[in-house]
Every structure is written in C-alpha cells, then in structure tokens.
Amino acid sequence: MWYMGHWLVVVAAVVVATVAALPANIPENLQPLIGHQVWEVSSERGEAVLWNLVTEGHIDVLDHSGTTRKFRVAGKDADKVAGTLRTANLTHSVIIRDLALFLKEEEGPVERRADISRSCTTTSCPVPSKDAYMTFKEIEYYLKHIGNNNPRVELRSLGKSHEGRDIWLVHIKPVTSKRVGARIAFSHMRKRAIWIEGGIHARERISPAVTLLLIDHFLNDFPQDKPFDIYIVPMANPDGYVYTWTNDRLWRKNRRNNAGSCEGVDLNRNWDAHWGVGASTQTCSEVYRGPSPFSEPETKVLSEEMTRLNNQLNFDLVLSIHNYGQVLLYPYGWTTNPAPHTEDMKKKGNVFLKAAKAHAGTVYTMVNTAGGFYYAAGATDDWAKEKLGTRYVYTLELRDKGRYGFTLPANQILSTATEVWQGLDMMINAIAPEKTARPN
Ligand SMILES: [Zn+2]
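First, a word on what this report is: a plain description of the structure on this page. (Residues numbered from 1 in each chain as written. Predicted model: local features only at pLDDT ≥ 70, side-chain atom pairs only at ≥ 80, totals over all residues. Heavy atoms only, no water.)

**Overview of the state of the cysteines**
Counted by the stated rule, this structure contains 2 disulfides. Here C120 connects covalently by a disulfide to C125, the sulfurs 2.0 Å from one another. Accessibility classification places C120 together with C125 in one group, the buried group. Disulfide partner of C262: C284, at an S-S distance of 1.9 Å. Judged by the sign of its S-S torsion, about 80°, the bond between C262 and C284 is right-handed. Here C262 is found in the loop between α9 (238–246) and α10 (297–312), whereas its partner C284 is found in the loop between α9 and α10, with 22 residues between them in sequence. Here C262 falls in the partly exposed class, since its relative accessible area comes to 30%. Counting its disulfide-bonded cysteines in sequence order, the chain shows a connectivity of 1-2, 3-4. (Disulfide = S-S within 2.5 Å. Buried < 20%, exposed > 50% of the residue type's maximum accessible area, 1.4 Å probe, protein only. Helix = DSSP H or I, 4+ residues; strand = E, 2+ residues; numbered from the N terminus.)

Here is the structure:
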C-alpha cells in the first residue's frame, strides 16, 4: 500500500485545488478509483471483520503482514464499511482520501513510461525493459524475438484467455554439456525442470517485469551447466494486465464476464486444490473463486501443461511471482498443517533470502502462506505441492513493503530483478546436487 505521512497533507491540498477539473485530469485507468480511499485498522482484532468485508466484496485488503491492515474502500461502500467497523468497536484512520488523485499526483509520474525505455519500439522488442513497464504487445514482441532467434528457446501458446489473448510459455533448454548429458544418461533419472509463473494478478506489474528479466538472465548469464529445463510463463493473466493499462490500474482478477454482475475471477483462487477455502463465492469480491475449479481458461491451460510436463519430467521447483510485501511464502495456504518437505523448503528459502539481501540490502522474510492474514487456497502453490508433488514450491511477494505497493516505480525494476535472480541462482545451485524426488 501507499504510505501516508506528509503525503496526506499534499494530497489534501491537491483535492481542494483540483476538485472542479477532476475527471478531465485523471488518466482513464485511474478514473474508477475516484472517490476510493485507503483506510487502516489495527490487525489484532480486525482480521475476522475484514475477512467478511473482503468476501462480500466491500473492501480490497492491500497488505497482509505487520500490525495494521490497509484496505481500499470505494465511495459507495464507505458508510457500510464504517458502520461494520463501528459495530465491531474498531477505529480506522483514513490514509488516502482519494486514490485516483493520489496515484496521479504522487505515484503515477514515477511509474509512467516517459519514453525512458529505449529497448522497445512500436514494432519490436529485442530485450526486456529494465526501466519501464512493458505493454502486453511489447511483451509479445520480446517473446517472439527470442522464440525466433535463440536456439535454446521454444515459445508456445498454451491457449487463449477469455478475450482471446495468448498464454505464452517460454521453454529454455539446458546447454547439454558432456557432464550433464552423462549425468542424465547414466542416472536413469527423469529430466529435471523448474516452472516459474508471473503476472497472474493483473495489477502486480513488477511480477511480469521481473519474470521477463529472469528469462533474459537464464539465457545470457546463468551458469549453463545446470541440469534443468526451465519453463516460464511471464504473463498468466493478459486480459487483466491490459485492463490495468486501459481501464483500471488496480484491477487484480481476470476479465470473465459474470453475466451482469462484477467482472473477473481471482485466478489465484481458481486452482483445483481445496478450492473455496480462503476465497469468496461473491463475484464482486477481489478473491472471487469462480464458478468451479479451473473454470477459467487461464488456469485450465496452465494446470494442463504442468500436469503433462510433470508426467514426463520432474519439477524440482515451482515458483509463482507476485507483489508486494517482500515475503517468500511456502505452502500450504489452505491449512497450517505442514506440507511435505517443509524443512527443505525453509532451508532453500533461507538460501534465497540471504543471496537476495546481498545485492541491495532488501530484506525478504519467509512465512507459511496460511500463517499470514488469512487462508488462501485454490492457488498455484498449493496445487503444485499437492497435485504435482513438487518438493520446492514458493510464492514470492516482490518489493516493496508498502510505500508504493502495486505502483512500484519503474526505476526499481532492474534492482528488484537482480536481487531475485541472485537469490534464485543460489537456490538452484543448492538444489542441483540433490537427487530428484521422483526417479523414473
Ligand atoms: Zn498477487
């Protein structure tokens, strides 16, 4: 979320000064946020009350750790939410008075493109941008570029989203040195693989940005004698992502048409693993689970491909990348009972934390998913752990801890990506010598 402090004073002044010209000055994708506020309550007694408001679709909780909870309230829901909090004896403070103005005046300019990216033109993109968020079109230009030009890359569309956009999978083949080839030939082991998913939540732009730079890193810098096939989905929710550029910067779900009601399904609550736990049946909720498990084309094609691959090879690591909070989460999300290989996951997680911190001092913490704000099931991580039996499964919440939240400035893309690949390289180095969990 966004920090208040002295910004509140600035924003209050801006509200007074610009109220008459409001709609014309607000970019289109911030207009749905006019009149939305950010409130804060103490988390100690507030959890159950907030959870009910989330599932009913009245609030959008923005951070899931620490001693307070910040959440977004639309103008139309403000009285209802205030009443509910009052009844529960909870006091709230207003952190941001108008989110549209706040993002426009304070956060928008640092995130906006401002033509700083020189790596993409209107028709091509040979390398991912390190200092600007890429449009979906630019992402596709880059993926097609490496698909056509790099012999180690196999680019495939797994299928189409609701609105007909491709869900792209990048397969990076290992460099088969003699040593690795021999290891595979004589060990009678399945091929080993890593799966990385980005962009399943539309507004978390730093996730695809980092995921794309990971592809570039694995192709160019990663020590190439590792025995892993790497599979990367940089944009799991293209419709939602495009919608954040055109209509609503804070859109989270996909773009399912829920027949006259609020649109979208939370794709990270739609997987067939304890579907419904920690999710909502209400279409207007930010954590709406969808009409049935894998009802959405996006989750359906991802899970089918992961299942198909998992029958042929062994996934050593499945990683889903989100923001924000700087947290490495390990499953389960549906229960606090420990998942298989919990100690292993914690050990390798610590390797990641240590290496990530060494780059720019960014501190990531590690927690169990269900130990956070609320249970969250039907997500990529629980499904991979339970249905695929993958040993190392994580959800990574990238920068920051709340100052910018979903609108992390674009000048932090490269540094965020660097700490992630340094953490991942060390984690993969630590996993590589292990025996795979599933021999042939
Ligand atoms: Zn997310």
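**Let's talk about unusual backbone geometry**
The residue after N323, namely Y324, is reached through a cis peptide bond having omega 15°. By the secondary structure assignment, Y324 is in the loop between β9 (314–323) and β10 (327–330). Each neighbour pair has its own omega, and for P331 with Y332 the value is 5°, a cis peptide bond. By the element assignment, Y332 lies in the loop between β10 and α11 (342–360). A positive phi is found at A259, a non-glycine position, where the angle reads about 50°. Along the chain, A259 falls in the loop between α9 and α10. The backbone of Q326 shows a phi angle near 55°, a positive value even though the residue is not glycine. As for its position among the elements, Q326 is in the loop between β9 and β10.

**Concerning the side chain of S295**
Relative to the elements of secondary structure, S295 occurs in the loop between α9 and α10. Accessibility expressed as a relative area gives 18% for S295, which makes it buried. Looking at S295, its side chain comes within polar contact range of the main-chain oxygen of S292, at 3.0 Å. Apart from the residues within four sequence positions on either side, S295 is in contact with R256, N270 and G290. (Polar contact = N/O pair within 3.5 Å; in protein donor to acceptor, adjacent residues only side chain to side chain. Contact = heavy atoms within 4.5 Å.)

**Some thoughts on the packing of aromatic side chains**
Per the stated rule, a full pass over the model turns up 12 aromatic pairs. Geometrically, the ring pair formed by W195 and F315 is edge-to-face, given 6.0 Å between the ring centres and 80° between the ring planes. With W195 in strand β7 (residues 192–198) and F315 in strand β9, this residue pair connects regions lying 120 residues apart in the sequence. Residue W195 is classed as buried on the basis of its relative accessible area of 0%. Judged by relative accessible area, F315 falls into the buried class, the value being 2%. For the ring pair F294 and W383, a centre distance of 6.0 Å and an interplane angle of 85° mean the geometry is edge-to-face. Of this pair, F294 sits in the loop between α9 and α10 while W383 sits in helix α12 (residues 380–388), and the two are 89 residues apart along the sequence. Just as F294 is buried, W383 falls in that class too. Put simply, the rings of W195, Y231 and F315 touch in pairs and so form one group of aromatic residues. If you follow R289 out to its NZ or CZ, it ends over the ring of W275, 3.9 Å from the centre. (Phe/Tyr/Trp six-rings, centres within 6.5 Å; stacked < 30°, edge-to-face > 60°. Lys NZ or Arg CZ within 6 Å of the ring centre and 35° of its normal.)

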